[in-house]
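Descriptive structure summary
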Amino acid sequence: MNIKDLPEESLFTPGHTACAGCAAPAIVRNMMKIFGKDTIVYTPANCLLVFSGTYPHLAWKVPYLHEAFENTAACLSGIARAYKKKGKKVIAVGFAGDGGTYDIGIQALSGAAERNEDVIYVCYDNEAYMNTGIQRSGATPYGADTTTTPAGRKILGKLEHKKDMAEIMRAHEVPYVATMSISHQKDFIEKTKKAKEISGFRYLHVLSPCPTGWRFDPSKSIEMARKAVESGMWTLYEAEYGEIKNIYKPKKKIPVEEYIKGQGRFRHLTPEMIRELQEWVDRKWKKLYGELPQ
Amino acid sequence: MIQKLERKKMVVTGDYASAYGALLCDVDVVAAYPITPQTLIVEEFSNFVNDGITDAELIMVESEHSAMSACIAAQACGARTFTATSSQGLALMHEMLFIASALRLPIVMPVVNRTLAAPIGIWCEHNDSMPERDAGWLQMSCEDNQEVLDMTIMAYKIGERKDVLLPVMPCLDAFILSHTVEPVDAPSSDEVAEFLPKYKPYAELDPEKPMAIGTFTPPEYIQELRYQQHVAMERAKKAIKEVTEEFYKKFGRNYNGLVEEYKCSDADYILVTNGTVTGTAREVVDELRNKGKKVGLLKLRFYRPFPADELRKVAENAEAIGIYDRAISYGVGGPLFIEAKNALYGYTLPVYNFLAGLGGRDVTKKDVEKMFEIMMEKRKGEIYWLNTRGVKI
């Protein structure tokens, strides 16, 4: 199935107030076309809540709940169990950002995964707290300039590498973990459809390029996502019950430098720092996915 | 659905009475996390589920914060929910308490009152639930295990009323009730089902009629919501009176509104209590009455809504009033004392504050006698720390 085969009707409607070039609406809109109307959506505090759910102008045509920031997976558990008790079939889907997943939400997420709650948890990962003004998160890559890891005179951006959240979820041995990218729509659709058909805990992790936070031209979001995959900075794969499957290996590997050069957040990187980032990618691939094709 | 349960006399702990109350109310979803001394509640409820007595969904979450989050979500989907906690667990839930009440979800959560650290302790103090006074929950306090069971049932009935729609926190003293065995009359499941019909949510998350709950809201709308919560809490006073009356007619136990007056009508000196100290105070009142002292007792069954009218009524002809507190707002006084001073504004009688039993220290008859002695002597000070090393009274 391809993107043009998805239903016309959108359960996530236009008229929201996301920044130009934001990948999140494309992620949510296409996923919602697949999940369908018998879905209950939870969003924690994030950009998505603000740009699609500001009362009384809502972009949602499905039931929609917000409680707090750190509890997406707990709220999804409550939704799923209430409907299990009712004996009615609904899909409980959460759309959390990277801050709500990697950092403040990881405890509730780990708990719900361990209990194998029958829910779909989507992390749209724009690699920082964009909603509050581009502060670093556990998802922010090494070297990135954020408002709390500024490229200063002494310290040049974030000193730590991006946490491998999908690996953490894979270690929970849940029925399904998938990493996705909006640049690879066929793969995106297939994984979303697969997640819908499986029951138990499903974790979908999508890289969500953010022109505002990463500082690139808003027309280049898809290109950024593609380069992230081609450079190995972002990896597409699936894992069923903890076993990695279907690693996407780009035909031609591009250097990390080519991915980061179009992004203002990496503008200050020294050759040593670029080398450090490249080594991190190579290490990660060697350890988890095999060598990247040169 | 629950199995048919007959009317019976049980000899059980306060925690068991609490869990059994929730069972009788046929709750749909329970999300909980264990903490001493609430543990028996979740253990007993787990037994009910695993023995097939109820088909409730049990979510043993990884924290109290998640327990309340899951209850809110389930209740927003139209389920009747239940959880329970104590002390640190309640403090961890703090953020979510405000969300439960503002979303107008009548969740019921017993709080087994335990001292809030530091230093860490597990015994009775009211400094866990009382700081949550502004969270928009009704707060009840129980004197014995019968009251724990009955209050749990009434909590759903009061909270779910369309004129209230607020969550309810029945409070019970750590160990003194939670782990102490007492005889309790349990109604049958049929009787409870007649008293408490199936939960009909005012609004729910349902794909058939999509709506958003709890979403991002600008200043144009929030103030009215706050006003409505305030009005609902005020309305709860009438609801409590009506529900306790209805309960009396159905089950024969009379809880008579927000307070219980004991020998107050002609009393000059009235002690105001909540929780288990009431039993001790009742005995002291009897003994002092035998000695010809005109003393009385006002037991507060509710902290929120606060029974200000009931307090003013007994103060009308009294010489002095003493407020017992098992928690302290540092530099000001006990939480009940603060409320009482507010309610008695314009009254000229002395209002005393007695602090005792903090951290779980026993409050003895001797302590209560001392409270009456201070009132009867019309002492000058306001706040008295009883049985406290380094404090002379």
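Residues numbered from 1 in each chain as written. Chains lettered and ligands numbered in written order. Predicted model: local features only at pLDDT ≥ 70, side-chain atom pairs only at ≥ 80, totals over all residues.

Digging into the overall build of chain B
Let me state the cut-off plainly: Helix and strand assignments come from DSSP, with helices taken as H or I runs of at least 4 residues and strands as E runs of at least 2, each series counted from the N terminus. Three exposure classes are used. Buried residues have 20 or more other C-beta atoms within 10 Å of their own C-beta, exposed residues have 12 or fewer, and partly exposed residues fall in between, all C-beta atoms being placed from the backbone. Whether two residues are in contact depends on their C-beta atoms, placed from the backbone: they are in contact if these lie within 7 Å.
Within chain B, the regular secondary structure consists of eleven helices and 16 strands. For the C-alpha atoms alone, the extent of chain B along its principal axes is close to 65 × 55 × 45 Å. The buried share among the 393 residues of chain B stands at 54%. Sequence separation of 24 or more characterises 80% of the internal contacts of chain B that already satisfy a separation of 6 or more.

Topic: the overall build of chain A
The following threshold applies: When we talk radius of gyration, it's over C-alpha atoms, and the globule rule is simply 2.2 Å times the number of residues to the 0.38.
Across its full length, chain A carries eleven helices and ten strands. Its C-alpha radius of gyration of 18 Å places chain A within 12% of the 19 Å reference for a compact globule of 294 residues. Residue burial in chain A is summarised as follows: out of 294 residues, 53% are buried.

Examining the domain arrangement of chain B
Residues and elements named next belong to chain B. Which entries qualify depends on this criterion: Those domain boundaries reflect an automatic or database domain assignment. Side-chain classes are defined by residue name, with Ala, Val, Leu, Ile, Met, Phe, Trp, Tyr, Cys and Pro counting as nonpolar, Asp, Glu, Lys and Arg as charged, and the others, Gly among them, as polar.
Once the domains are mapped, chain B shows domain 1 (8–251) and domain 2 (259–385). With 24 residues of domain 1 at the interface, the matching set in domain 2 holds 19 residues. At the level of secondary structure, the elements contributing two or more residues to the side of domain 1 that touches domain 2 comprise β6 (138–141) and α7 (219–251). Of the residues forming the side of domain 1 that touches domain 2, the biggest block, five residues, is contributed by α7. Classifying every residue of the side of domain 1 that touches domain 2 by side-chain character gives twelve nonpolar, six polar and six charged.

What to know about the sheet that holds strand β3 (residues 57–60) of chain B
Residue and element names in this part refer to chain B. Going by this rule: Strands qualify as paired when DSSP identifies two bridges or more between them.
Across the sheet, which stays open at both edges, the three strands sit in the order β3-β2-β4 with parallel pairing between neighbours. Single-partner strands in this sheet number two, and they are β3 and β4 (81–82). Both strand β2 (residues 29–32) and β4 contribute to a ladder of two bridges, which runs parallel. Bridge pairing in β4 places V29 opposite T81.

Points about the packing of helix α3 (residues 64–76) of chain B against helix α4 (residues 87–102) of chain B
Residues and elements named next belong to chain B. Counted only if it meets this: Between N-to-C directions, angles span 0 to 180 degrees; the directions come from axes that are lines fitted to C-alpha atoms, helices contributing only their stretch in contact. Roughly parallel refers to an angle under 35 degrees, roughly antiparallel to one over 145, roughly perpendicular to one between 65 and 115, and oblique to any angle outside these ranges. The hand of a helix crossing depends on one turn: near helix anticlockwise from the far one by less than a right angle means left-handed, and clockwise means right-handed.
Two numbers describe how α3 lies on α4: the axes approach to 7 Å, and their chain directions differ by 25 degrees. Taken together, α3 and α4 sit at an angle that is classed as roughly parallel. Between α3 and α4 lies a crossing whose hand is right-handed. Where α3 abuts α4, its residues E64, H65, M68, S69 and I72 lie against G89, L92, M93, M96, L97, I99 and A100. For the contact of α3 with α4, the class distribution of residues is eight nonpolar, three polar and one charged.

Observations regarding the environment of L24 of chain B
Residues and elements named next belong to chain B. Checked against the element boundaries, L24 lands in helix α1 (residues 14–24). The class of L24 is buried, set by 24 C-beta atoms lying within 10 Å. Linking L24 and T152, residues 128 residues apart in sequence, is a C-alpha distance of 9.5 Å. With residues near it in sequence (within four places) discarded, L24 still touches L5, I153, P187, S189 and V192.

Comments concerning unusual backbone geometry
Residues and elements named next belong to chain B. A cis amide bond links T36 with the next residue in sequence, P37, at an omega value of 0 degrees. Mapped onto the elements of the fold, P37 is located in the loop between β2 and α2 (39–50). Positive phi, normally seen in glycine, also occurs at F175, with a value near 65 degrees. For F175, the position within the fold is in the loop between β7 (168–173) and β8 (182–186). One non-glycine residue, K378, lies in positive phi territory at about 50 degrees. Inspection of the secondary structure puts K378 in the loop between α11 (365–376) and β16 (383–385).

Some remarks on the sheet that holds β7 of chain B
Residues and elements named next belong to chain B. With mixed pairing, four strands are arranged side by side in an open sheet as β5-β7-β6-β13. The sheet is open, and its two edges are formed by β5 (111–113) and β13 (302–304), each paired on a single side. Put simply, the sheet's adjacent strands are angled 25 degrees from each other on average, direction ignored. Direction of pairing for β5 relative to β7: parallel, over a ladder of three bridges. Bridging across to β7, V112 finds its partner in L172. Along the sheet, helix α5 (residues 145–159) makes contact with β6 and β7, crossing β7 at roughly 165 degrees.

Let's talk about the pairing of strand β12 (residues 295–300) of chain B
All names here are of chain B. Short version of the rule: Look down the strands so they point away from you; if going from the first strand over the helix to the second traces a clockwise path, that crossover is right-handed.
Of all six residues in β12, six are buried, a share of seventy percent or more. Across the two faces of β12 the burial is the same, with V295, L297 and K299 and G296, L298 and L300 all buried. Across four bridges, strand β10 (residues 259–262) lies against β12 in antiparallel orientation. Following the sheet pairing, E261 is matched in β12 by L298. Taken together, the five bridges between strand β11 (residues 269–273) and β12 define a ladder with parallel strand orientation. What sits directly across from L271, in β12, is L297. Handedness of the β11-helix α8 (residues 277–290)-β12 crossover: right-handed.

Thoughts on the interface of chain A and chain B
Chain A puts 36 residues into the contact, and the matching count from chain B is 36 residues. Contributing elements (two or more residues each) for the side of chain A that touches chain B: β1 (39–42), α2 (47–52), β2 (53–54), β4 (64–65), α3 (72–86) and α5 (106–114) of chain A. Broken down by element, the side of chain A that touches chain B gets its largest block of residues, ten residues, from α3 of chain A. Class assignment for the residues of the side of chain A that touches chain B results in 18 nonpolar, ten polar and eight charged. Bridging between β4 of chain A and strand β9 (residues 212–213) of chain B involves two bridges; their strand directions are parallel. Considered in β9 of chain B, the bridge of Y64 of chain A is made with A212 of chain B.

What to know about the nonpolar core
Note that soluble globular proteins tend to have their nonpolar side chains buried in a common cluster. Worth spelling out the cut-off: Any nonpolar core is a set of buried residues, restricted to Ala, Val, Leu, Ile, Met, Phe, Trp, Tyr and Cys, that join up through C-beta atoms within 7 Å.
Among the nonpolar cores identified, the biggest contains 225 residues, and I79 of chain A together with V272 of chain B are the most heavily contacted of them. Taken domain by domain, this core gets at least three of its residues from each of domain 1 (8–251) and domain 2 (259–385) of chain B. If sequence neighbours within four positions are ignored, V272 of chain B has contacts with L298, L300, L311, I321, G322, I323, Y324, L336 and A340 of chain B.

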